[in-house]
Amino acid sequence: MTTMTQEQIDSMRKLWEEHQPNLGSAGEPFYTLMKFEGERNLGEIFAYPGVTLSFGRQGMVVPLFPTEEIARECESAIRESDPEWRVVGVSEAFLEAVLALITYQEITLVIGVSPSKSIVCHTDKVPELVENMREHGFSEDLLASAPAESEQN
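Residues numbered from 1 in each chain as written. Predicted model: local features only at pLDDT ≥ 70, side-chain atom pairs only at ≥ 80, totals over all residues. Heavy atoms only, no water.

### As for the overall build of the protein
As a reminder, the rule being used: Where helices and strands are cited, they refer to DSSP runs of H or I of at least four residues and of E of at least two residues respectively, numbered from the N terminus. Exposure is judged per residue with a 1.4 Å probe applied to protein chains only, and the accessible area is read against the type maximum: over 50% gives exposed, under 20% gives buried, and values in between give partly exposed. Only heavy atoms enter the contact rule, under which two residues are in contact if any of them lie within 4.5 Å. Areas reported here follow the Shrake-Rupley algorithm with a probe of radius 1.4 Å; residue values treat only the protein chains shown as occluding.
When helices and strands are tallied, the protein shows 4 helices and 8 strands. Beginning at the N terminus, the succession of helices and strands in the protein can be written as α-β-β-β-β-α-β-α-β-β-α-β. Every one of the 153 residues in the protein was classed for burial, and the buried ones make up 40%. A separation of at least 24 residues holds for 65% of the contacts in the protein among residues at least 6 apart in sequence. If you sum the accessible surface of the protein, you get close to 8600 Å²; carbon and sulfur atoms cover 47% of it.

### Section: the nonpolar core
We count it as follows: Put simply, buried Ala, Val, Leu, Ile, Met, Phe, Trp, Tyr and Cys residues joined by side-chain atoms within 4.5 Å make one nonpolar core.
In this structure, F30, L95 and V126 are the most contacted members of the largest nonpolar core, which totals 27 residues. Looking at this core, the elements that each hand over two or more residues are α1 (6–18), β1 (31–37), β4 (58–64), α3 (92–105), β6 (108–114) and α4 (126–136). Setting aside residues no more than four positions away along its own chain, V126 makes contact with F30, L95, L99, L109 and C121.

### Focus on the packing of aromatic side chains
Selection rule: Working definition: a ring pair exists when centres of Phe, Tyr or Trp rings (six-membered ring for Trp) sit within 6.5 Å. Plane angles under 30 degrees give stacked, over 60 give edge-to-face, the rest tilted.
Summed over all chains, the structure comprises 3 aromatic pairs. An angle of 80° between the planes, with centres 5.2 Å apart, marks the rings of F46 and W85 as edge-to-face. Here W85 lies in strand β5 (residues 85–89) and F46 lies in the loop between β2 (40–45) and β3 (48–52), a separation of 39 residues in the sequence. The class for W85 is buried, based on a relative accessible area of 7%.

### Concerning the environment of P115
Among the structural elements, P115 can be located in the loop between β6 and β7 (117–120). Considering only alpha carbons, one finds P115 and C74, 41 residues apart in sequence, at a separation of 4.9 Å.

### A word on the environment of V110
Looking at where V110 falls in the secondary structure, it is placed in strand β6. Between the alpha carbons of V110 and C121 there is a distance of 5.4 Å; along the sequence they are 11 residues apart. In contact with V110, not counting residues within four places along its chain, are Y48, V61, V62, P63, L64, S118, I119, V120 and C121.

This is how it looks when you write it as structure tokens:
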């Protein structure tokens, strides 16, 4: 795990808190799931164990969704057992905070393309992906250079 200074941790925490999305926020261009109590965002992003690591351990995975429709399908599937998870749009500033969290915590980023399929995406590829999505819209072809697929259950 990458070691962070207290200043870096404080900066990341401030960015996270200042740019947390509200219900109904638009994705720029991504959506994700966050934990809510009523209408209040509790600041916890949805993550699940999904990547096999050495010695039988599993690494955590954070999904981003390229469209609100895909995010809503996943929300619907998850909310049956965990109703506190809600879809929110991810702003550019919050995306920066998410990518920092993923990098420093060694979490795997996946792009959810359906409720049962996600594709691993390296954080350094995200700016190019965002640019291509804005120019051409989303298609799985944009993720073709991703190294592996991860099937969700």
